[in-house]
Amino acid sequence: MEVPHLVTPEQVAGIDLGREIGVPGEYPYTRGIHPTGYRGSCGPCGSSPASHRRDTNQRFKYLLSQGQTGLSVAFHLPTLYGYDSDHEMAKARSASAASPSTRWPTWRTLFDGIPLGEVTTSMTINSTAPILFAMYLAVAEKQGVDIASRVSGTLQNDILKEYIAQKEYIFPPRPSMRLITDQFAFAAQQVPRWNTISISGYHIREAGSTALQELAFTLRDGMEYVQYGVDAGLPIDEFAPRLSFFFNSHNDFFEEIAKFRAARKIWATVMRERYGAKNPRSWMLRFHTQTAGCSLTAQQPVNNVVRTTVQALAAVLGGTQSLHTNSLDETLALPTEENARTALRTQQILAHESGVITPSIPGRQLVRRGDDAAHGRRTFDYFRRIDDFGGMVEAIEAGFPQREIMDAAFRYQKSFEGKRS
């Protein structure tokens with residue numbers, strides 16, 4: 001985003017504050033989906049990974065003892081591809097990062113003693129999401145938990161971004177979309193507190209996209225899921241309120257704030273005007289944010305604490321619902337417990353010592369100018385280009401978003417190396 005050197009009242013005089021910006025908690029939700037922002041509830045989401053299921057279980061219990069109420073499980077590569085840990089194709093990866101969780105005994109160990117009716121669990125899983133979701137619900141039922149009234153959490157379950165950016169897919173796009181819409185229908189009826197998808201721009205940004213591309217492709221992926229759900233005969237207001245998003249927060253402070261504000265406004269607009277959703281909860285874009293892993297450096301890693309703090313602050317001022325702060329050593333390996341604690345303390349200092357959560361999202365002139373002029377208009381331009389292909393699935397099949405991201409990543413790397421030289 002090109003940032004002007006000077007913003008004057010005259011430059012923003014044409015903005016209709018009531019219609020285009022509004023107030024927190026009201027359409028188009030530019031300034032947040034809740035009227036009181038973080039004053040009503042503020043619970044930072046920490047990170048403290050472990051590589052073995054028993055280690056992970058102990059780490060979960062430690063986090064819960066420290067006041068954590070939400071857990072996150074990242075699965076290792078064989079699980080993402082649907083392989084058992086003892087499969088020939090999985091042996092090289094089974095002892096490395098994240099949790100192996102393809103079998104029922106694994107799940108009983110992973111969540112042993114964890115009250116699934118009292119905590120929320122986020123699961124970073126996509127192609128095999130239906131299987132792991134079923135296992136999680138089986139553990140909850142084994143604990144005697146009523147899954148209809150007490151089980152809550154989130155599946156990432158975003159297969160479109162796999163084709164675009166992360167590349168960890170098993171099935172072709174259309175059968176994968178069928179699996180996702182079936183989960184929409186099941187959860188709406190059986191597990192109404194569960195978020196059945198977390199539409200992810202994080203991996204798109206990590207692959208080298210610009211902030212604009214992250215915004216446009218992520219929201220257009222979300223629109224594709226909505227369209228497939230509607231085409232499958234699901235009432236839009238039955239499943240849309242449980243859609244959630246997952247964004248990256250990068251170094252450009254004002255651009256990131258503008259991106260988050262624009263995302264809420266754009267989503268509210270397309271849900272109400274393009275898809276005819278009637279329930280205001282269907283218009284609300286709820287999102288989780290993680291600070292930018294690709295911005296971290298292996299050299300002088302302590303400086304990563306500063307980068308993460310700036311990125312986390314942008315996410316808070318942008319109105320994120322939950323936050324993951326990367327640890328300073330994540331560019332090297334899984335974080336140590338000490339560094340993971342520092343990442344958590346970064347959030348807690350922002351939440352409890354900085355004062356930034358007291359006002360609802362600040363409407364500075366620079367940010368007002370940024371969210372519409374720099375992101376809104378050009379995001380809808382991307383929507384039109386993708387619509388010309390026939391939809392996001394067709395655009396992915398044609399390689400359009402993949403090429404756009406590769407071109408942006410190349411330009412960024414070329415610019416970075418030019419500055420370095």
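The text that follows walks through the structure, step by step, so that each part is easy to find.

Cut-offs and rules
- Residues numbered from 1 in each chain as written.
- Predicted model: local features only at pLDDT ≥ 70, side-chain atom pairs only at ≥ 80, totals over all residues.
- Heavy atoms only, no water.
- Pairing = 2+ DSSP bridges.
- Helix = DSSP H or I, 4+ residues; strand = E, 2+ residues; numbered from the N terminus.
- Core = buried A, V, L, I, M, F, W, Y, C linked by side-chain atoms within 4.5 Å.
- Buried < 20%, exposed > 50% of the residue type's maximum accessible area, 1.4 Å probe, protein only.
- Contact = heavy atoms within 4.5 Å.
- Axes fitted to C-alpha atoms, helices over the stretch in contact; angles between N-to-C directions.
- Parallel < 35°, antiparallel > 145°, perpendicular 65-115°, else oblique.
- Left-handed = near helix turned anticlockwise from the far one by under 90°.

**Focus: the sheet that holds strand β2 (residues 120-124)**
No. 1: The strand order across the open sheet built from 4 strands is β1-β2-β3-β4, with neighbouring strands paired in parallel fashion. The sheet is open, and its two borders are formed by β1 (70-74) and β4 (194-195), each paired with just one other strand.
No. 2: Relative to strand β3 (residues 152-155), β2 runs parallel, the two being bridged by 4 bridges. When the sheet's bridge partners are listed, T120 is paired in β3 with S152.

**Looking at the nonpolar core**
No. 1: Membership of the largest hydrophobic core comes to 57 residues, with the highest contact counts inside it found for L219, Y225, W267 and M271.
No. 2: Among residues more than four places away in sequence, those in contact with Y225 are N157, D158, I159, L160, M177, I180, F184, I197, I199 and F239.
No. 3: By size, the runner-up hydrophobic cluster in this structure holds 27 residues, among which are F60, V73, I114 and M123.

**Quick word on the environment of N304**
No. 1: Take N304: it is sitting in helix α13 (residues 303-317).
No. 2: What makes N304 buried here is its relative accessible area of 0%.
No. 3: Other than its neighbours up to four places away in sequence, N304 contacts L296, T297, L328 and T331.

**Examining the packing of α13 against helix α14 (residues 337-352)**
No. 1: For the pair α13 and α14, interaxial distance at closest approach is 10 Å and the crossing angle is 40°. Relative to α14, the element α13 lies oblique. Where α13 crosses over α14, the two elements pack in a sense that is right-handed. Along its contact with α13, which presents V305, T309, A312 and L313, the element α14 presents T342, T346 and L350.

**Thoughts on the sheet that holds strand β5 (residues 197-200)**
No. 1: The sheet built from 4 strands is open, its strands ordered β5-β6-β7-β8 with parallel pairing. Strand pairing shows two members of the sheet lacking a second neighbour, β5 and β8 (322-324), which therefore form its edges. Direction aside, the axes of adjacent strands within the sheet are offset by 25° on average.
No. 2: Two elements, strand β7 (residues 287-291) and β8, share 3 bridges in a ladder whose sense is parallel. Pairing of Q290 across the sheet is with H324, part of β8.

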